[in-house]
Each structure stands twice: as C-alpha cells, then as structure tokens.
Amino acid sequence: MRPALAALVLLLAAAGARAEDTVRIGVLLPFSGPFADFGMQIGNGMALYLKQHGDVIAGKKIELIRRDSEGAKPDRARRLAQELITRDKVDIIAGFGLTPEALAVAPIATEARTPMVIMNAATSVITEKSPYFVRFSFTLSQIVSPLGAWAATHGIKRVYAVVADYAPGYEAEAAFTKAFTAGGGEVAGAMRVPINALDFTAYLQRIKDARPQGVFLFVPSGEQPIAFMKAFIDLGLAEAGVTLLGGTEIIDETVIATLGDKAVGVISTQNYSSAHPSTENRQFLADWTAAFGAHPRPNFMGVAGYDGMHAIIEVIGKLRREIDPDKAMAAFKSIAFMSPRGPIEIDPATRDIVESVYIRRVERVDGELVNKEIFEFAKVDARGCAE
Ligand code: PHB
C-alpha cells in the first residue's frame, strides 16, 4: 500500500473507532417560542446530571445534539427526529415537551428502532404508540385523578373545569371529572381554551357568574397559567373564596416567582416540588443553584430531564459495548431509583413511570414562596391508581 493511502486508511479507522466510542443523544425540545421554558428546564436537568456524574460512561463519551422543536409543531418534530437518526446517527432521542411532538415522532421511533425517552409530553396514549417510547415525566391521569379524589373529600363539591383544547386537556378534564364525581363532587361546567389564548377575562367572567366553589385548570406550563392566574386574581375570584385547583402547571416554580403573595393558598398536584423535603432534593437544589443560579428553581420538567438523563446513563452503562435498541428498551424497563422527587420506577408492562403524587399548597416558608407538600399518594401508576 502506498504511504499516503495507508495513512488515509489509518485515519478512517481511527475516526471509526472514535465514532464507536461516542454515544449520540438527540435532544428534541422547544428551546424558543412560548414553550421555551420547557427546553431550559429539561435541558438544564440533563446537563446537571452529566455535570455531576461526568460525560464518559463505560468508556463512551456522551454527546448531546440539541434541536429546537419550537413547541407544538408536529411536522417540524417529525423532520428533526428523522434528521437526527439518518444524518446525525443518534442512538437515542430524548426530550419531547408537548404531546403533539411525541405523537408525530412515534412511527419513526418504531420504524428506525430508536429508543425515545420522554421527559414531559403527558397524554397517556403516547407510550402505546411505539414500543421504543419510555416516559420519565407523568401522565395527566396520574396527576389529576389524585387531585379529584382529594378535592372531593376536602369540602369542595362544585367545580368548573377549564382545559386547553388539545389531547392533554381532554384527558385532564376526563380524569378529574371521573375521580371528583366518584368522591361525590359535581363538575358544574367545562370550557376548552385554545393553547395560545392569553386573554381569559371573558371565560372567567362566565365562571364567576356560575358561582362554583372551585375551578379546575389544565393549560400547558409557560405563559398561559401566568395569564390565567393574573386574570383569576384581578377579577376577584380568589378574593371571593373560589379555590383554584390544578396540575402543577398552574403554579410551578416560575409562576410563583411572577405572582408573589397573591399565589398563597393555590392547591395543585404534581410529582415534584422544589420544596420536597429529602436529602436527594437538597443536593439537587444546591447543585442546580451552583450551575444555573437560584432562579428559576427546577420545576417538574427540570427533575424529569435530570432523571431521564440518569436513566439513559444507567442503560448505557449496562449495555457497555453497543447500544442495541431492543436491549436498551429491556434495560429501561427495569429502571428504579431514588429521585429528588421521591422513589421512581418504570412499569415494564407500560414503559410508564410509577411515582408519588403530592397535593401541594402555596405557602411562605422561611421567607420564600413554595409549593408545600401537604399530602402524598404513594406509588401512583400511569392510570392514576395509587398503591
Ligand atoms: C403535553 O403537551 O403533553 C403537556 C404540556 C405541558 C404540560 C403538561 C403536558 O405542563
């Protein structure tokens, strides 16, 4: 072989070896637009896990390849996922902020046999759409059913429901209504609002006239819950004693920071509060603050990104040699560990998460407004059934 050719062969061999020593993970999230907070929270959670534990596992370097889905844009999500697989040769895709992104990518996951780690999108049916999906966030039924059961047994009997007009909203409305009415409550009326609505005055005026005891709300985290909460307060519903109930979206860590003391008393459910009293959470918060500053604090998405990355690293560590998609999925199915949110595990039958769901109330603790956990439903599965 001529020397130049031999050098080229060596170079290509070295590049090949290097490529095999890298695990590429596509990160598909909204990093811009109205849902940019999803990308910030989940992206920070993933980065923090790697910062704490290093980005080399079983001799392989972890490379994150980020793509901006821009929000609920299914065509864009599909195209980006396809490019990540065919051009960037990723082994795994993680992220998925909104349900429409995950649903759009499901056929690609199945066809390409690419494991996909869902870190937010929360409509139950998603994990049924591809055997290569595993979810580290929650489902709407999982979060909202305990809230319906709790509200009905805590003096709230008549509620108006307001939900975003897309799949997660329909699931939230149905799951809340089922649990709340089973406990003796009545849903006096329901409204569906577009996922880009920011003016809630007319909706809330109608609700005020109906005089319910409570309002159940699901709109995706971001700008909407802040706008809704502001109108709820400005129109005097809070002052009139109407209890606002919802998933964490209505009052997550960023919303609390915006509303100040007006948020005190809001009841919500979720799998995570940054005020969760555990050693794991204290460490998580301290490291998050050191890496990204004290505000915004991590919310349910931050912890889902962190735990999802933890699981990915465990799976890569277990497989060691090559990331075979079916072996990776088998490994994801046996994941169980102590998260900053409490104990979590993957149900191998559904590839969904089993976790604690907390009822929280906004309170001022040590000078800071927090979602204080006031009740825990342990080991809740994706259908919303507790142990
Ligand atoms: C979803 O689209 O699945 C979704 C988005 C935001 C949330 C919850 C669910 O806060």
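Anything mentioned here points back to the structure above.
Residues numbered from 1 in each chain as written. Predicted model: local features only at pLDDT ≥ 70, side-chain atom pairs only at ≥ 80, totals over all residues. Heavy atoms only, no water.

J.: Just give me the short version of helix α11 (residues 300–319), but keep the residues and values in it.
T.: Owing to its 3.6 residues per turn, the α-helix aligns residues three or four sequence positions apart on the same side. Spanning 20 residues, α11 covers 29 Å between terminal C-alpha atoms, matching the ideal 28 Å at 1.5 Å per step. A large share of α11 lies buried, amounting to 18 of its 20 residues. Where α11 begins, the side chain of asparagine 299 points an oxygen toward the backbone nitrogen of methionine 301, at a separation of 2.8 Å. (Helix = DSSP H or I, 4+ residues; strand = E, 2+ residues; numbered from the N terminus. Expected span 1.5 Å × (residues − 1). Buried < 20%, exposed > 50% of the residue type's maximum accessible area, 1.4 Å probe, protein only. Polar contact = N/O pair within 3.5 Å; in protein donor to acceptor, adjacent residues only side chain to side chain.)

J.: Can you break down helix α12 (residues 325–332) residue by residue, with the values?
T.: Within α12, burial applies to Pro325, Ala328, Met329, Ala331 and Phe332. Within α12, the buried residues cover an arc of 160° as seen down the axis, which keeps them to one side. In this fold, the buried residues of α12 make contact with β5 (116–118), β6 (133–135), α11 and β13 (342–347). The N-terminus of α12 is capped by aspartate 324, whose side-chain oxygen sits 3.2 Å from the backbone nitrogen of aspartate 326. (Arc of directions from axis to C-beta. Contact = heavy atoms within 4.5 Å.)

J.: Lay out the nonpolar core with the relevant residues and their values.
T.: By size, the foremost hydrophobic cluster in this structure holds 122 residues, and its most contacted members are Phe136, Phe216, Ile251, Ile312 and Phe332. Among the elements that line this core, the one with the most residues is α11, at eleven residues. Counting the residues that make up this core, at least three belong to each of domain 1 (3–138 + 279–350) and domain 2 (141–270 + 357–380). Excluding residues within four positions of it along the chain, phenylalanine 216 makes contact with Val144, Leu147, Val159, Tyr160, Ala161, Val162, Val163, Ala172, Glu173, Phe176, Leu245 and Gly246. (Core = buried A, V, L, I, M, F, W, Y, C linked by side-chain atoms within 4.5 Å. Domains from an automatic or database assignment.)

J.: An account of the site of the ligand is needed here, citing residue identities and associated values.
T.: Surveying the vicinity of the ligand reveals 15 residues, the closest of which are Leu98, Thr99, Ala122, Tyr166 and Glu249. Note that an oxygen atom of the ligand is positioned 3.3 Å from one of the backbone N or O atoms of serine 221. In the environment of the ligand, an oxygen atom lies 2.8 Å from a nitrogen or oxygen atom belonging to the side chain of glutamate 249. Considered on its own, the ligand offers 280 Å² of accessible surface; in the complex 100% of this is hidden by protein. The residue inventory of the shell around the ligand, partitioned by class, reads ten nonpolar, four polar and one charged. Three or more residues apiece are contributed to the shell around the ligand by two domains, here domain 1 (3–138 + 279–350) and domain 2 (141–270 + 357–380). (Near = heavy atom within 4 Å. Areas by Shrake-Rupley, 256 points an atom, 1.4 Å probe, with all protein chains shown as cover. Nonpolar A, V, L, I, M, F, W, Y, C, P; charged D, E, K, R; others polar.)

J.: Before we move on, could you go through unusual backbone geometry and cite the residues and values that matter?
T.: Across the junction of histidine 295 and proline 296, the peptide omega takes the value -5°, indicating a cis bond. Checked against the element boundaries, proline 296 lands in the loop between α10 (279–292) and α11. Positive phi, close to 50°, is recorded for alanine 58, a residue that is not glycine. Turning to its location among the elements, alanine 58 is positioned in the loop between β2 (56–57) and β3 (60–68).

These values are about where atoms sit, not about what they do.
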